[in-house]
Amino acid sequence: MAKRITICAGIDTGKRKLDVALDGSLERLQADNTPDGYKVLVEWLQRHKVKRVGIEASGGYEQAVVAELRRQRFVVVVFQPAQVRAYAVFQLQRAKNDKIDAALIAACTAAVKKIHAAPDPRLLPFAEHLTMIDQITEDIARLKNRIESCRNMRLQKLWKEDIARLAKREKVELKALAAAIREHRDLAERLDLINSIDGIGLKTAMVILVRMPEIGQITREQAAALAGIAPYDDDSGDRTGVRHIAGGRERLRRTLFTAALPASFRWNPQLITLYGRLMGAGKEHKRALIACARKLLIFANTVVARGTPWQTKPPEIARAPAT
């Protein structure tokens, strides 16, 4: 039997241009990072019978072309920059420019063994909306820090007015985002399941739903790793290092930390017990809080997977009467 070969392409994304290469070929293309450029790109890929396209995440400049390629039924693999650079190190490749990067991404794409399903396209605009809300929160925090060190009453008044305006805008945008999510019945059901957990408010529930589209479809270990709150070993030979967290989705992780603090002190009985047990065992506050954040995400993953709301007390197992 003839071996089937999947032809792969790699795209290096710039603000204005897309550099494209085929794996194992000298064929190259440069197209505009615009809708008209996407038409040229799609025609070129189809002419070369490309089935799989790799592209490096580039601060959002890749999102439009990724959406168009998926709409045209291409299998698209989105790489983190660290993955591409690590592959370059593995290949002992030091040179770097747009054309070289495109060929490198094409090689990475051909080397991928497991292709993950594309995320729900409905969640992309929600993620952008959430980022804007996060930025409003960050702006409020900056203004509060300025007031702390400011002695000019007039400037304090101006900044307080700005804080009030931004806080009002934040509430309006959160309400609008929740309404937009609830227009989709399945997303609304998942949102309510996550929101049913003690210690998870509506904003945190929306962040988990939107920033982790895989929720309810992955294991607890995978969920923790994606959020960047999974403890990794650091051992070598006779040395036993301290376990630490690394990587993951920063905005999701930050939201989980923010929710875990009040949840482990007041709102969630299981987290209160966990936090107390860890502190009693001599763990640092930060380590205990990370464990509570991880447990909070595991709760969310579980309720979505089961399709049943959160129960403060686990259901008692019925026992047959003794005979």
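A few points about the environment of valine 112
Relative to the helices and strands, valine 112 resides in the loop between helix 4 (98-111) and helix 5 (123-148). By relative accessible area, which is 18% here, valine 112 ends up buried. Measuring from C-alpha to C-alpha, the distance between valine 112 and glycine 54 comes to 9.6 Å, with 58 residues separating the pair along the chain. Those residues in contact with valine 112, other than ones at most four positions away along the chain, are Arg52, Val77 and Phe79.

Here we look at the environment of arginine 287
As for its position among the elements, arginine 287 is in helix 12 (residues 285-306). In the structure, arginine 287 is positioned 12 residues away from tyrosine 275 in sequence and 9.5 Å away in space, judged by C-alpha atoms. Not counting chain neighbours up to four residues away, the residues in contact with arginine 287 comprise Val242 and Arg243.

A few points about the nonpolar core
Of all hydrophobic cores here, the largest spans 50 residues; its most connected members are Ile181, Ile194, Ile197, Ile208, Met212, Leu256 and Leu297. Secondary-structure elements contributing two or more residues to this core are helix 5, helix 6 (153-181), helix 7 (185-195), helix 8 (202-211), helix 9 (220-227), helix 10 (250-267), helix 11 (269-280) and helix 12. Counting residues per element, this core draws most heavily on helix 12, which supplies 11 residues. Apart from the residues within four sequence positions on either side, leucine 297 is in contact with Ile208, Met212, Ile215, Ala223, Ala224, Ala227, Ile229 and Leu256. Counting residues in hydrophobic clusters, the runner-up holds 19 residues, among them Trp44, Val50, Ile55 and Val66.

Comments concerning the pairing of strand 2 (residues 17-22)
Here strand 2 lies mainly inside the structure; five of its six residues are buried. As judged from the five bridges shared by strand 1 (residues 8-13) and strand 2, these two strands associate in the antiparallel manner. Within the sheet, the bridge partner assigned to glycine 10 lies in strand 2 and is alanine 21. Where strand 1 folds back on strand 2, the antiparallel hairpin that results is connected by three residues. Bridge count for strand 2 against strand 3 (residues 28-32) is five bridges, and the pairing is antiparallel. Paired with lysine 17 across the bridge in strand 3 is aspartate 32.

As for the packing of helix 10 against helix 12
Two quantities define a packed helix pair, namely the angle between the axes and the distance from one axis to the other. At a minimum axis distance of 8 Å, the contact between helix 10 and helix 12 shows a crossing angle of 100°. Looking at the two axes, helix 10 sits roughly perpendicular to helix 12. Along its contact with helix 10, which presents Leu256, Phe257, Ala259, Ala260, Leu261, Ser264 and Phe265, the element helix 12 presents His285, Leu289, Ile290, Cys292, Ala293, Leu296 and Leu297. In terms of residue class, the contact of helix 10 with helix 12 is built from 12 nonpolar, two polar and no charged.

Observations concerning the sheet that holds strand 1
Taken in spatial order, the five strands make up an open sheet running 3-2-1-4-5, and their pairing is mixed. Either end of the sheet is taken by a strand with one partner, and the two such strands are strand 3 and strand 5 (75-79). With direction set aside, neighbouring strand axes in the sheet form an average angle of 25°. Across the sheet, helix 1 (residues 35-47) lies against strand 1, strand 2, strand 3 and strand 4 (52-56), angled at about 155° from strand 3, the strand it touches most. Sitting on the sheet, helix 2 (residues 63-71) touches strand 1, strand 2, strand 4 and strand 5, and the angle it makes with strand 5 is about 155°.

A few points about the pattern of salt bridges
For the structure shown, the criterion picks out 20 salt bridges. The salt bridge involving aspartate 101 is made with lysine 96; its shortest N-O contact spans 2.6 Å. The exposure class assigned to aspartate 101 is buried, which follows from its relative accessible area of 5%. Where salt bridges share partners, they join Asp134, Glu138, Arg211, Glu250, Arg251 and Arg254 into one cluster.

Side note on the side chain of arginine 190
Position of arginine 190 relative to the elements: it lies in helix 7. Sequence-distant contacts of arginine 190, defined by excluding residues within four places in its chain, comprise Arg122, Leu209, Pro213 and Val304.

Examining the packing of aromatic side chains
Going through the model one piece at a time under the given rule, you end up with three aromatic pairs. Between phenylalanine 299 and tryptophan 310, the ring centres sit 4.5 Å apart and the planes meet at 45°, which makes this aromatic pair tilted. Taken as a pair, phenylalanine 299 in helix 12 and tryptophan 310 in the segment after helix 12 lie far apart in primary sequence, 11 residues in all. Judged on exposure class, the residue phenylalanine 299 and its partner tryptophan 310 are both buried.

The rules we used
Note on numbering: residues in each chain are counted from 1, in written sequence order. Reporting in this predicted model follows two pLDDT cut-offs: at least 70 for local features of residues, and 80 or more for side-chain atom pairs to be given and counted; totals over whole chains, interfaces and linings ignore these cut-offs and use all residues. Calculated side-chain values reflect all of the structure's heavy atoms, with hydrogen atoms and water omitted. Secondary structure elements follow DSSP: runs of H or I of four or more residues count as helices, runs of E of two or more count as strands, with numbering from the N terminus. Think of it in three bands: with a 1.4 Å probe and only protein chains considered, a residue is buried below 20% of the maximum accessible area for its type, exposed above 50%, and partly exposed in between. Contacts between residues were defined by any pair of non-hydrogen atoms, one from each residue, lying within 4.5 Å. Only buried residues count toward a nonpolar core, which is a set of Ala, Val, Leu, Ile, Met, Phe, Trp, Tyr and Cys residues joined through side-chain atoms within 4.5 Å. At least two DSSP bridges between two strands are needed for those strands to be called paired. Between the N-to-C directions of two axes lies an angle of 0 to 180 degrees, each axis being a line fitted to C-alpha atoms and, for a helix, fitted only over the stretch in contact. Throughout, the term roughly parallel applies to angles under 35 degrees, roughly antiparallel to angles over 145, roughly perpendicular to angles from 65 to 115, and oblique to all others. In the scheme used here, Gly and all other residues not listed as nonpolar or charged are polar, with Ala, Val, Leu, Ile, Met, Phe, Trp, Tyr, Cys and Pro taken as nonpolar and Asp, Glu, Lys and Arg as charged. Any Lys or Arg side-chain nitrogen found within 4 Å of a carboxyl oxygen on Asp or Glu counts as a salt bridge. Note on aromatic pairs: the rings of Phe, Tyr and Trp (six-membered ring only in Trp) are paired at centre separations within 6.5 Å, and the planes decide the class, stacked below 30 degrees, edge-to-face beyond 60, tilted for the rest.

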